[in-house]
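Each chain is listed here by its residues.
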Amino acid sequence: MTTWPRPASFLFTDTPMSSSHHLFRRREAAAPLLLAVCAGLGLLALGTRADAAETPSASFTGSAALTSDYVWRGSSQTQGDPAVQVGFKAAAANGFYGSIWGSNVEFAPETHASSELDFTVGWAGKIAQDWALDINVLHYRYPSTTSDLNWTELNGTVTYRDNYWLSLGYSNEALGSKDRGIYTQIGARFPVNDALRLEAAVGHYFLDDVYDRSYSHGQLSAIWAVKAPFELRLTAHATDHNAERIFGDSLAGSRIEAAVQASF
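Below is a short write-up of the structure. (Residues numbered from 1 in each chain as written. Predicted model: local features only at pLDDT ≥ 70, side-chain atom pairs only at ≥ 80, totals over all residues. Heavy atoms only, no water.)

**Thoughts on the overall build of the chain**
Let me state the cut-off plainly: Helix and strand assignments follow DSSP, with helices taken as H or I runs no shorter than four residues and strands as E runs no shorter than two, numbered in order from the N terminus. Under the scheme applied here, a residue whose accessible area is under 20% of the maximum for its type counts as buried, over 50% as exposed, and between as partly exposed, the area being computed with a 1.4 Å probe on protein chains only. Here, Shrake-Rupley sampling with a 1.4 Å probe gives the accessible areas, and only protein chains in the shown set may cover a residue.
The helix and strand inventory of the chain stands at three helices and 14 strands. By residue count, 49% of the 264 residues in the chain fall in the buried class. For the chain, the exposed surface amounts to about 12000 Å²; the carbon and sulfur share of it is 63%.

If you want it as structure tokens, here you go:
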């Protein structure tokens, strides 16, 4: 896809958000994938409504954030400018969930992309006493673009004791292309006290089929729970030189991101 910021939150899994700064060839729309996501959201809504009638454990949650820069997998999605982000999630008692998340973006001028909507259908739950699993299908959509930048990704995250995670994402149309991309991330959360926690993650994006090269990135965040439901987040991002070759020096490399976020 972080608020539910993508890099370190598992309400949606680190999944990401599209880094399609380069204009790809126009593709035929991935209709089967999109239809599957839409159908899944419809079925989930019906199932959640039924579960809510039977048990109080069905939930509806949301988030909002104002961030100084929308950074996804190490690169800026807004040319370094601020972003406003809002998300909603419906979760059934059996672990199935659906969500929608949105943000403003700024890609290459010829794409005319100004907004991003992420639609997710998945399942999350405990698989052992200390282990949890989240698997989902995530569809990235750019309503305002004049080019076909939309794409879909299958994601999975294994979490240990709520503080350590390993994520894997796969797409055969990575970043809106016609080619395969595989993303991996490992991370950890370190509570300092009731109000402060640190989060660190390292990721590698296999994009040889798309750009003839892959890249790595890392991030370190400090999150301060000021007063419920508000949090302040400060994140330092860094990428390797391959990311700068792919996306450009102004979008990759080192940068600081600050955000105020709230959950409801």
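**Details of the environment of glycine 187**
Keep this limit in mind: Contacts: residue pairs with any heavy atoms within 4.5 Å of one another.
Summarising the element assignment, glycine 187 is placed in strand E10 (residues 181-191). Under the relative-accessibility criterion, glycine 187 is labelled buried at 9%. Expressed as a C-alpha distance, the spacing of glycine 187 and asparagine 163, which sit 24 residues apart in the sequence, is 8.3 Å. Excluding residues within four positions of it along the chain, glycine 187 makes contact with Asn163, Tyr164, Trp165, Ala200 and Ala201.

**Quick look at the side chain of threonine 152**
Threshold: Under the rule applied, a polar contact is a pair of N or O atoms within 3.5 Å (in protein, one hydrogen donor and one hydrogen acceptor; residues adjacent in sequence only if both atoms are side-chain atoms).
With respect to the helices and strands, threonine 152 occurs in strand E8 (residues 151-160). Separated by 2.8 Å, the side chains of threonine 152 and histidine 139 make a polar contact.

**Details of the pairing of strand E6 (residues 115-126)**
Filter applied, for reference: DSSP calls a pair of strands paired once it identifies at least 2 bridges connecting them.
Relative to E6, strand E5 (residues 96-104) is paired through nine bridges, and the arrangement is antiparallel. Bridging across to E6, tryptophan 101 finds its partner in aspartate 118. With 10 bridges joining them, E6 and strand E7 (residues 131-141) adopt antiparallel strand pairing. The partner of phenylalanine 119 across the bridge, within E7, is histidine 139. Here E6 folds back onto E7 in antiparallel fashion, the turn holding four residues.

**Quick word on the packing of aromatic side chains**
To be explicit about the condition: Any pair of Phe, Tyr and Trp rings, taking the six-membered ring for Trp, is counted once the centres come within 6.5 Å. Such a pair is stacked with planes under 30 degrees apart, edge-to-face with planes over 60 apart, and tilted for the rest. Working rule: Lys NZ or Arg CZ, within 6 Å of ring centre, within 35 degrees of ring normal, means a charge sits over the ring.
Under the counting rule described, the total for this entry stands at 13 aromatic pairs. Their ring planes at 55° and their centres at 6.0 Å tell us that tyrosine 205 and tyrosine 215 sit as a pair that is tilted. With tyrosine 205 in strand E11 (residues 196-206) and tyrosine 215 in strand E12 (residues 215-227), this residue pair connects regions lying 10 residues apart in the sequence. Counting every residue linked through ring pairs, the aromatic cluster contains Trp72, Tyr140, Trp151, Tyr183, Tyr205, Tyr211, Tyr215 and Phe247. We note arginine 73 situated over the ring of tyrosine 183; from NZ or CZ to the ring centre the distance is 4.0 Å. Positioned above the aromatic ring of tyrosine 205, the side-chain terminus of arginine 73 is 5.0 Å from the ring centre.

**Re unusual backbone geometry**
The residue after alanine 228, namely proline 229, is reached through a cis peptide bond having omega 5°. Here proline 229 shows up in the loop between E12 and strand E13 (230-239). Even without being a glycine, glutamine 79 presents a positive backbone phi close to 60°. Relative to the elements of secondary structure, glutamine 79 occurs in the loop between strand E3 (75-76) and strand E4 (83-91). Within the chain, aspartate 162 stands out as a residue other than glycine whose phi angle is a positive 65°. Its place among the elements puts aspartate 162 in the loop between E8 and strand E9 (164-171).

**Brief notes about the pairing of strand E1 (residues 59-67)**
Sheet topology places E1 next to E4; nine bridges connect them, and they run antiparallel. If you follow leucine 66 over to E4, its bridge partner there is valine 84. Where E1 meets strand E14 (residues 255-263), five bridges bridge the pair, whose relative direction is antiparallel. When the bridges of E14 are listed, alanine 64 appears paired with alanine 262.

**Regarding the nonpolar core**
Using the following cut-off: For our purposes a nonpolar core is just a set of buried Ala, Val, Leu, Ile, Met, Phe, Trp, Tyr and Cys residues, chained together by side-chain atoms within 4.5 Å.
Leu175, Tyr205, Leu207 and Phe247 are the most contacted members of the largest nonpolar core, which totals 25 residues. Breaking this core down by element, the ones donating at least two residues are E7, helix H2 (208-211) and helix H3 (241-247). Examining the composition of this core, we find that three residues originate from one element, H3, more than from any other.

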